[in-house]
Amino acid sequence: KVSIRETWEAMEELVKEGLVKNIGVSNFNAALLIDLLSFAKIKPSVNQIERHPYLTQPELVAFCKYHGIHVTAYSSFGHGSYIELGVKFEGTGLLEHPVIQEIAGAHSCSTAQVLLAWGLQSGTSVIPKSVHDNRLQENFDADKVQLAPEEMRKIDALNNGTRFNDVGKMWKTPIF
């Protein structure tokens with residue numbers, strides 16, 4: 001079994017050798033980041049985490065920002081990507097949520113664009129998934145949607161701690 005420390009030190013060597021410019025982590029909580037920062041010679045440039053209005057992770061995002069670690073959000077649209085993996089979700093999907101639909105209507109844009117604009121205006125990068133040309137363009141145009149502070153608060157208020165990418169549940173192994 002290879003430790004996080006051994007893995008990180010090997011990644012730092014890749015930077016020193018000029019093979020990569022930046023190195024980062026994925027799905028690290030604050031405790032893992034604290035441990036990593038205690039020995040890292042090169043701070044992670046990014047922490048890629050599941051982040052959407054049902055799982056805003058404000059404490060982790062603030063921790064990363066304080067330490068100069070950028071946050072990249074995956075699963076910006078919520079549960080859609082996990083249906084094919086057999087993940088069950090009882091509730092309203094983010095793309096169909098009335099708050100998101102209301103804001104989309106006010107901006108004459110799609111609900112996907114609202115979700116991406118929320119992520120971008122929160123100071124994170126977003127990496128939406130699509131294979132359709134029209135949706136790819138729509139995703140790129142999300143940066144043109146400017147949400148008002150009250151709209152951002154309404155979306156933030158949807159946070160209920162729902163994690164869709166919980167492989168621990170799928171594999172019956174506690175991870176988060």
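In case you missed it, the structure is sitting above this.
Now for a description of the structure that goes with this document.

### Things to note about the packing of helix H5 (residues 111-121) against helix H7 (residues 149-156)
Closest axis-to-axis distance for the H5/H7 pair is 11 Å, and the angle between their directions is 100 degrees. The orientation of H5 with respect to H7, classified from their angle, is roughly perpendicular. For the pair H5 and H7, contact is made by Val114, Trp118 and Gln121 and by Met152, Ile155 and Asp156, respectively. Across the contact of H5 with H7, the residue classes break down as 4 nonpolar, 1 polar and 1 charged.

### Some words on the pattern of salt bridges
A full pass over the atoms with the stated rule returns 5 salt bridges. Of the charged contacts, one joins arginine 5 and glutamate 9 as a salt bridge, the two residues approaching to 3.0 Å between their closest N and O atoms. With arginine 5 and glutamate 9 both in helix H1 (residues 4-16) and 4 residues apart, this pair spans about one turn of that helix. Ionic pairing is found between lysine 16 and glutamate 13, a salt bridge with its closest N-O pair at 3.6 Å. On the criterion of helical spacing, the pair formed by lysine 16 and glutamate 13 is a turn pair, its members being 3 residues apart in helix H1. Taking relative accessible area as the criterion, glutamate 13 reaches 38% and is therefore assigned partly exposed.

### Re H5
Within H5, 9 of the 11 residues are buried, which leaves it mostly tucked inside the rest of the structure. Buried within H5 are the following residues: Thr111, Ala112, Gln113, Val114, Leu115, Leu116, Ala117, Trp118 and Gly119. Close packing links the buried residues of H5 with helix H4 (98-107), strand E4 (125-126), helix H6 (133-140) and H7. Within two residues after H5, glycine 123 carries a phi angle of roughly 90 degrees, on the positive side.

### Describing the pairing of strand E2 (residues 46-50)
Of the strand pairs in this sheet, strand E1 (residues 25-26) and E2 are connected by 2 bridges, and their pairing is parallel. Across the sheet, the residue bridging to serine 26 is glutamine 48, located in E2. One crossover worth recording links E1 to the parallel E2 by way of helix H2 (residues 30-39), and it is right-handed.

### Description of the sheet that holds E1
Spatial strand order, E1-E2-E3-E4: 4 strands in an open sheet with parallel pairing. Looking along the sheet, the strands with just one partner apiece sit at the ends: E1 and E4. Relative to E4, strand E3 (residues 70-74) is paired through 2 bridges, and the arrangement is parallel. Residue pairing across strands places threonine 72 opposite serine 125, the latter belonging to E4. Sheet contacts for helix H3 (residues 58-66): E2 and E3; angle to E2, the most-contacted strand, approximately 170 degrees.

How each quantity is defined
- Residues numbered from 1 in each chain as written.
- Predicted model: local features only at pLDDT ≥ 70, side-chain atom pairs only at ≥ 80, totals over all residues.
- Heavy atoms only, no water.
- Axes fitted to C-alpha atoms, helices over the stretch in contact; angles between N-to-C directions.
- Helix = DSSP H or I, 4+ residues; strand = E, 2+ residues; numbered from the N terminus.
- Parallel < 35°, antiparallel > 145°, perpendicular 65-115°, else oblique.
- Contact = heavy atoms within 4.5 Å.
- Nonpolar A, V, L, I, M, F, W, Y, C, P; charged D, E, K, R; others polar.
- Salt bridge = Lys/Arg side-chain N within 4 Å of Asp/Glu carboxyl O.
- Buried < 20%, exposed > 50% of the residue type's maximum accessible area, 1.4 Å probe, protein only.
- Pairing = 2+ DSSP bridges.
- Right-handed = clockwise from strand over helix to strand, strands pointing away.

On their own, these measurements won't tell you what the molecule is for.
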